[in-house]
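So you can see what is in the structure, the chains are spelled out below.
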Amino acid sequence: MRYRVIFGLILIGCLPAAHTADRMEALANTCNNCHGTGGVSAGGSMPSIAGQSEAYLKKAMMEWKSGARASANMTRLISGYTDDEIAGLATYFAKLPWKAQPQKISDVAMKKGRAATDRCESCHGVTGSEPDGDDSPKLNGQWAKYMELELEKYRDEGFMMTHKKMIKNARKMEEGDVAAAAQYYGAQSK
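Computed from a prediction, not measured in an experiment: that's the story for all the values here. (Residues numbered from 1 in each chain as written. Predicted model: local features only at pLDDT ≥ 70, side-chain atom pairs only at ≥ 80, totals over all residues. Heavy atoms only, no water.)

### Overview of a positive patch on the surface
Link 1 in the chain: A cluster of like positive charges, contributed by Arg119, Lys165, Lys168 and Lys172, occupies part of the molecular surface.
Link 2 in the chain: Along the chain, the position of lysine 165 falls in helix α10 (residues 164-172). (Patch = residues over 30% accessible without salt bridge, like charges linked within 9 Å, V, L, I, M, F, W, Y side chains within 5 Å. Areas by Shrake-Rupley, 256 points an atom, 1.4 Å probe, with all protein chains shown as cover. Salt bridge = Lys/Arg side-chain N within 4 Å of Asp/Glu carboxyl O. Lys, Arg positive; Asp, Glu negative; His and termini not counted. Charge placed at Lys NZ, Arg CZ, Asp CG, Glu CD. Helix = DSSP H or I, 4+ residues; strand = E, 2+ residues; numbered from the N terminus.)

Listed below in structure tokens is the structure:
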């Protein structure tokens, strides 16, 4: 009889919170192939997502799902998720700690990158570790190659990106400052 009750609850979707949490963890594990175990990326062109704000993660995923923001891979992958699953994933990864992956750069590159990030400070903080709001991501120790690729998307008028202030500031950057800014933030541990 007990098993029939449990099976009945499963069928009608009345799972206890522990089962829901297990389901969300299983769903989040599907992100590991690209974003690394626990959302900490091991690859230069793929971002770490653990520890980013819930609002930022949810907004980005919803923009990919709707097609407002371009990403061939994420748009294809996220389109199969429900809005509740997207919200759950955002909550799950936001609760994990941010683990900066600082990359080594020369003192000259550090100085050039610091100069290139003046207009970035108001939203991301001096080292990229202090976003001004929930819609700005942490940049400190994020992969430099990934950030460079993202900056180039914001600079490209034909690419669909939604953050107007970011578009405006990225397009003001000199071509050589894009990589310098990305390397600077990528080198930051805190």
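There is more to say, and it comes next.
### Focus on the packing of aromatic side chains
Link 1 in the chain: Counting across every chain of the model gives two aromatic pairs.
Link 2 in the chain: Residues tyrosine 92 and phenylalanine 93 carry aromatic rings whose centres are separated by 5.2 Å and whose planes lie at 90° to one another, so their mutual orientation is edge-to-face.
Link 3 in the chain: Judged by relative accessible area, tyrosine 92 falls into the partly exposed class, the value being 22%.
Link 4 in the chain: Seen in terms of ring centroids, tyrosine 184 and tyrosine 185 are 5.3 Å apart; in terms of plane orientation they differ by 65°. Their pairing is edge-to-face. By the burial criterion, tyrosine 184 is buried, and tyrosine 185 matches it. (Phe/Tyr/Trp six-rings, centres within 6.5 Å; stacked < 30°, edge-to-face > 60°. Buried < 20%, exposed > 50% of the residue type's maximum accessible area, 1.4 Å probe, protein only.)

### Remarks on the side chain of histidine 35
Link 1 in the chain: Note on placement: histidine 35 falls in helix α3 (residues 32-35).
Link 2 in the chain: Accessibility expressed as a relative area gives 10% for histidine 35, which makes it buried.
Link 3 in the chain: Polar side-chain contacts of histidine 35 include one of 2.8 Å to the backbone oxygen of proline 47.
Link 4 in the chain: With sequence-adjacent residues up to four places away left out, histidine 35 is seen in contact with Val40, Ser41, Met46, Pro47, Ile49 and Met74. (Polar contact = N/O pair within 3.5 Å; in protein donor to acceptor, adjacent residues only side chain to side chain. Contact = heavy atoms within 4.5 Å.)

### Things to note about the nonpolar core
Link 1 in the chain: Residues Leu57, Met61, Trp64, Ile78, Tyr81, Leu89 and Phe93 are the most contacted members of the largest nonpolar core, which totals 17 residues.
Link 2 in the chain: Elements represented by at least two residues in this core include exactly α2 (17-29), α4 (54-66), α5 (72-78) and α6 (83-95).
Link 3 in the chain: Beyond its immediate chain neighbours, meaning those up to four positions away, tyrosine 81 contacts Leu27, Thr30, Lys65, Ile86 and Leu89.
Link 4 in the chain: Ala116, Leu151, Met161 and Ala181 belong to the second-largest nonpolar core, a separate cluster that totals 10 residues. (Core = buried A, V, L, I, M, F, W, Y, C linked by side-chain atoms within 4.5 Å.)

### A closer look at the pattern of salt bridges
It is possible for side chains of opposite charge to pair when their charged atoms get near one another.
Link 1 in the chain: Tallying each qualifying case throughout the model produces 10 salt bridges.
Link 2 in the chain: Two residues, arginine 114 and glutamate 121, come together in a salt bridge whose shortest N-O distance is 2.6 Å.
Link 3 in the chain: Among the salt bridges present, the one from glutamate 150 reaches lysine 153, with a minimum N-O distance of 2.7 Å. Linking glutamate 150 with lysine 153, this pair stays in helix α9 (residues 144-155), spanning three residues, or about one helical turn.
Link 4 in the chain: For glutamate 150, a relative accessible area of 11% corresponds to the buried category.

### Thoughts on α9
Link 1 in the chain: In this model, α9 (12 residues) spans 16 Å end to end at C-alpha, consistent with the 16 Å of a helix rising 1.5 Å per residue.
Link 2 in the chain: Ala144, Tyr146, Met147, Glu150, Leu151, Tyr154 and Arg155 are the residues of α9 that are buried.
Link 3 in the chain: On the buried face of α9, the contacting elements are α10 and α11 (175-186). (Expected span 1.5 Å × (residues − 1).)

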